[in-house]
Amino acid sequence: MALNGSLQGYILVALLLFVIGLATVLLRRTLLMQFMGVELMLNAANVALLAFSRFRGGDATGTVFYLFILGVAACEAAIGLALVIALFRHRQTTDADRADSLKQ
Amino acid sequence: MFLIFALITILGALAMFQQKNVIVAGLCLVLTFFGVAGLFLVLANPVAAALQIIVYSGAIMVLVLFTIMLLNSHEEEPAIKARPIQRWVGALLIAIFGAFAFRIVAGSKALAAVNDKALPVEGMNLNRVGEELFANHLLGFEIIGLLLLAAMVGAVALTKKEL
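Everything numeric here is computed off the predicted structure, so don't read it as measured data. (Residues numbered from 1 in each chain as written. Chains lettered and ligands numbered in written order. Predicted model: local features only at pLDDT ≥ 70, side-chain atom pairs only at ≥ 80, totals over all residues. Heavy atoms only, no water.)

S.K.: Would you mind going over the overall build of chain A with me for this structure?
M.R.: Across its full length, chain A carries three helices and zero strands. The N-to-C order of helical and strand elements in chain A reads α-α-α. Its C-alpha atoms give chain A a radius of gyration of 17 Å, more than 25% over the compact-globule value 13 Å for 104 residues. Scored against the burial criterion, the 104 residues of chain A give a buried share of 59%. The long-range fraction of contacts in chain A, counting pairs at least 24 apart against all pairs at least 6 apart in sequence, stands at 51%. Total accessible area on chain A stands at roughly 3900 Å², and carbon and sulfur atoms take up 66% of it. Side chains of chain A carry 8 positive and 6 negative charges; the gap between the two charge centres is 3 Å. (Helix = DSSP H or I, 4+ residues; strand = E, 2+ residues; numbered from the N terminus. Rg over C-alpha atoms; globule rule 2.2 N^0.38 Å. Buried < 20%, exposed > 50% of the residue type's maximum accessible area, 1.4 Å probe, protein only. Contact = heavy atoms within 4.5 Å. Areas by Shrake-Rupley, 256 points an atom, 1.4 Å probe, with all protein chains shown as cover. Lys, Arg positive; Asp, Glu negative; His and termini not counted. Charge placed at Lys NZ, Arg CZ, Asp CG, Glu CD.)

S.K.: Looking at this structure, I do not really get the packing of helix α2 (residues 22–42) of chain B against helix α3 (residues 46–71) of chain B. What am I missing?
M.R.: Residue and element names in this part refer to chain B. Running from amino to carboxyl end, α2 crosses α3 at an angle of 175°, the nearest separation of the two axes being 8 Å. With respect to α3, the element α2 is oriented roughly antiparallel. Seen from α2, the contacting residues are Val22, Ile23, Gly26, Leu27, Leu29, Val30, Phe33, Phe34, Val36, Ala37, Phe40 and Leu41; seen from α3, they are Pro46, Ala48, Ala49, Gln52, Ile53, Tyr56, Ser57, Met61, Leu65, Ile68 and Met69. (Axes fitted to C-alpha atoms, helices over the stretch in contact; angles between N-to-C directions. Parallel < 35°, antiparallel > 145°, perpendicular 65-115°, else oblique.)

S.K.: Whenever I open this one, the pattern of salt bridges confuses me. Can you help?
M.R.: It is possible for side chains bearing opposite charge to pair when their charged atoms get close. All names here are of chain A. Inspection of the entire model under this criterion finds four salt bridges over all chains. Arginine 29 is paired through a salt bridge with aspartate 95; the nearest N and O atoms lie 2.9 Å apart. Pair noted here: arginine 29 is in the loop between α1 (7–27) and α2 (31–55) and aspartate 95 is in the segment after α3 (60–91), with a separation of 66 residues, a long-range link. Accessibility classification places arginine 29 together with aspartate 95 in one group, the buried group. (Salt bridge = Lys/Arg side-chain N within 4 Å of Asp/Glu carboxyl O.)

S.K.: Explanation requested: the domain arrangement of chain B in the structure shown.
M.R.: Size of an interface: often given as the accessible area lost when the parts come together. Residue and element names in this part refer to chain B. Parsing chain B into structural domains produces domain 1 (2–74 + 83–124) and domain 2 (125–163). Computed from C-alpha atoms alone, the centre-to-centre distance between domain 1 and domain 2 is 24 Å. Facing four residues of domain 1, the contacting portion of domain 2 comprises four residues. A combined buried area of about 380 Å² lies between domain 1 and domain 2, and 60% of that area is made up of carbon and sulfur atoms. In this assembly, domain 1 and domain 2 are joined by zero salt bridges. Our enumeration of links across domain 1 and domain 2 arrives at zero residue pairs in polar contact (both at pLDDT 80 or more). (Domains from an automatic or database assignment. Buried area = accessible area lost by both parts, 1.4 Å probe. Polar contact = N/O pair within 3.5 Å; in protein donor to acceptor, adjacent residues only side chain to side chain.)

S.K.: What's the story with the interface of chain A and chain B in this structure? I'm lost.
M.R.: Counting residues at the interface gives 76 residues for chain A, matched by 81 residues for chain B. For the pair chain A and chain B, the summed buried area comes to about 7100 Å², and 75% of that belongs to carbon and sulfur atoms. Where chain A meets chain B, there are one salt bridge. The partner of B:Arg83 in a salt bridge is A:Asp97, and the shortest N-O contact between them spans 3.0 Å.

S.K.: Just checking my understanding: could you explain the environment of A:Asn4 for this structure?
M.R.: Note on placement: A:Asn4 falls in the segment before α1. Apart from the residues lying within four places of it in its own chain, the contact partners of A:Asn4 are B:Phe2 and B:Leu3.

What follows is the structure in structure tokens.
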């Protein structure tokens, strides 16, 4: 199995990125770190998408969908960070475990 | 080249995952985004590489770092209570997911067959992206514009003290 520059190699890189992002979201408690994990998972999807587009002979549809993902990621960044700031204003914390008043 | 950029990407992501300081973690993530941009260059897609650096490293990560500095929360706060079972079950599930997905990708005959064809590749340029975008995906383009507007209004509404 030759990974250097093959489609399988790119998909494996995307898979590793996704797994690391998932681990960041599930195992870290800081909301900002979890946010970065989400960004990492979105990037993993981008790598897979553009790798498939390249191995279809340079299809432009992959890049168009990459643009859409980019727009959604920008929206997610704005809203997510606004939520973190709003939480900090009420609780003086960015820890996900400390934002649990629905459980009490 | 692929191996260099793949290593930069993966090592940056791992460094981000285990980093205690949130600011340093953000900078590791910027490194990862540069690695991903390099991967896009190797994929004959300079448009996506430029967008990756401008939007991800330039806009989104700067926004995140500004927020970290604004809230002045550089370090992870100590846990209220240790939750060892949840953490180990989470790590175990991630490991199982990763191992199975790795086996599927590495053992896939269809993916390996794509490599052998070696299609002639036309490099991506803005003309082709624009034609494809405005000829076939105009509705998606408009919806993204609306979504960005809604996100902007929402972000202002969420962070403003009194409207």
